[in-house]
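# Per-entry structural report
Listed below are the residues making up each chain.
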Amino acid sequence: MSLDWIYYAISWILLTWHSAWDAIGVPVRTVLGTNWSWILAIVFLVVTVRVILFPVFVKQIKSQRAMQALQPKVKELQEKHKGDRETLQKEMMELYRKEKANPLMGCLPMFLQIPVFLGLFHVLRRLDPAKEAKSLYGWTAEQFDSASSATIFTAPIAGKFGSTADELARLGANGTTVKVIAGILVLVMMGTTYLTSRQMILKTGWAEDPQQRMIQRLMLYGIPLSLLVSGSIFPIGVIIYWVTNNLFTLGQQQWVLRKFPPLVTNKGVTGTKATSSGPVQPAKTGGFLNRNKPVAQAPAKPAAPKVAGPKPGAKPANPKKGPAKRQG
């Protein structure tokens, strides 16, 4: 299957944003050793993709809420089928099907961004000034030459940590500078990738389902560590894309988790929240993702003490008067 349509789409978005920044007046020449129009084109490629995928992100949050609500039932199944892994997996899959919950939905936005990442990786790899075909995927020769010479702090965006001496010579780059800039960006990429997973796990907690917990561990530790190796073959422009995407994710998750906090469970009862003073309080219900705030109940007023009334026919007592004087 040809991926040319992805390369054309990525190229079109990059060139459109580059033309927009050029029209606004962002300098074409380097400022602080950086061609900001091309850097901003990569940054806003991220913004464009994330805006398109926002509905998928909402579905991801709904799925995570559904999975969290099912945790008490998952724990019951684990206790019921302890030692029978095959039956447990069948029962859990039936539970997910019945409740319309998908354990893999949490990874869907990341999977949908893989074609974009691969497209940008392919496009930036071909930014070689020595190539004769400079009009592939809709690029003009002028745009190709401009992008192939674009730099960030004097390191070309088409260069990478593992660039050979011949590749660096064609790009007119200094090997030490490229390694320093690429190395720093790889570390930032690893750190922000770790933080995006940690941020969500701290808010939602570790899953009871072993399959879900394994996915959480993979997202938290496996992927950041793999970037230490794979980051050496990524062009600097791709690493900029990844870091920008992580920062966007951190901000988006923080907004969602603050506005629509996760469900809180009390000893396996989903949708209830325990208080230190005693009884379980009702869960928040209604609204977007069932997260509207409940109506606050006014505290009960203390009852006034009852005062016994006078007996029928008795004269009212006057407490202000002192004891009556005896008549002589």
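Residues numbered from 1 in each chain as written. Predicted model: local features only at pLDDT ≥ 70, side-chain atom pairs only at ≥ 80, totals over all residues. Heavy atoms only, no water.

### A word on the overall build of the protein chain
Within the protein chain, the regular secondary structure consists of 11 helices and 2 strands. Counting from the amino terminus, helix and strand elements in the protein chain follow one another as α-α-α-α-α-α-α-β-β-α-α-α-α. Here the protein chain, with 328 residues, has 40% of them falling under the buried criterion. For the protein chain, long-range pairs separated by at least 24 residues make up 68% of all intrachain contacts whose partners lie at least 6 apart in sequence. Accessible surface computed for the protein chain: about 20,200 Å², of which carbon and sulfur atoms make up 63%. (Helix = DSSP H or I, 4+ residues; strand = E, 2+ residues; numbered from the N terminus. Buried < 20%, exposed > 50% of the residue type's maximum accessible area, 1.4 Å probe, protein only. Contact = heavy atoms within 4.5 Å. Areas by Shrake-Rupley, 256 points an atom, 1.4 Å probe, with all protein chains shown as cover.)

### Re empty space enclosed by the protein
Under the defined criterion, the tally for this structure stands at 2 cavities of 30 Å³ or more. Along its surface, the largest cavity is lined by R50, L53, F54, F57, P109, Q113 and Q252. Put simply, the parts of the chain that give the lining of the largest cavity at least two residues each are α3 (54–69) and α6 (108–125). Taken together, the residues that form the lining of the largest cavity break down as 4 nonpolar, 2 polar and 1 charged. Roughly 30 Å³ of volume is contained in the second largest cavity. If you go around the second largest cavity, the residues you meet are L14, W38, I42, L124, L127, W139, A147 and I157. Tallied by class, residues from the lining of the second largest cavity come to 8 nonpolar, no polar and no charged. (1 Å grid on protein atoms, 1.4 Å probe; cavity = no way out; pocket = protein on both sides within 12 Å on 5 of 7 lines; lining within 4 Å. Points joined across faces, edges and corners; volume = space filled by probe spheres on them. Nonpolar A, V, L, I, M, F, W, Y, C, P; charged D, E, K, R; others polar.)

Everything listed here is a matter of coordinates, which is why it stays silent on function.
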